[in-house]
Amino acid sequence: MPTISRFLSLLAVVLTAIACSSSVEAPFAGSEPARPLPEFSIQDLEGNLFTNENLDGRVALVNFWATWCGPCKIEMPWFVEFQRKYKDQGFTVLAISLDEEGWDPVREFAARLELNFPIVLGDDAVADDFGGIHALPTTLMVNRAGEIVATHTGLVSRSTYEQEIEAML
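The sections below set out a description of the structure shown in this document. (Residues numbered from 1 in each chain as written. Predicted model: local features only at pLDDT ≥ 70, side-chain atom pairs only at ≥ 80, totals over all residues. Heavy atoms only, no water.)

### Examining the state of the cysteines
Applying the stated criterion to the full structure yields 1 disulfide. Between C69 and C72 runs a disulfide, and the two sulfur atoms are separated by 2.3 Å. Residues C69 and C72 are joined through a disulfide that is right-handed, its torsion about the S-S bond being 75°. Note on accessibility: C69 and C72 belong to one class, buried. (Disulfide = S-S within 2.5 Å. Buried < 20%, exposed > 50% of the residue type's maximum accessible area, 1.4 Å probe, protein only.)

This is how it looks when you write it as structure tokens:
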């Protein structure tokens, strides 16, 4: 009876998946063991140094992006809204551009979208310091203790980000 053995095999796989997923205590999608935000010091759009100390005690959405990245262009207006909605509750977005062309395209993009949060220009070394950023967009969710608690690679739904922000605030 091959169909019964296939059924039992499938049932075993499903039960194993349920057992494994129920044992994970994840506050939200993308959760991972908390790890400290790396120490960094990067020049922002205004020419000031922005460091991890600027995020102390704040919930942060740290987004690696580029002006040429399609999904990044979709997310940026959401981040503008999040900054507006949650900044008074101790939240900030930090946008780390990995544009290799430098500040000119970043400044133009930021002005066009009226970005209202800190923007810094990173490079491969910065991407490595943050755990190796290999795709854009990549977004790190950082709690008030300065720990990265979730990493999202690629386009994630606006509601997912908003739920995670609210859970950490």
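### Overview of the packing of aromatic side chains
Following the criterion strictly, the structure yields 8 aromatic pairs and no others. Consider the rings of F82 and Y86, whose centres lie 6.5 Å apart with planes at 50°: the pair is tilted. With a gap of 4 residues between them, F82 and Y86 both fall in helix α2 (residues 70–86), about one helical turn apart. By relative accessible area, F82 is classed as buried at 1%. Members of the aromatic cluster, connected to one another through ring pairs, are F79, F82, Y86, F91 and Y161. (Phe/Tyr/Trp six-rings, centres within 6.5 Å; stacked < 30°, edge-to-face > 60°. Helix = DSSP H or I, 4+ residues; strand = E, 2+ residues; numbered from the N terminus.)

All we've got here are geometric facts, nothing functional implied.
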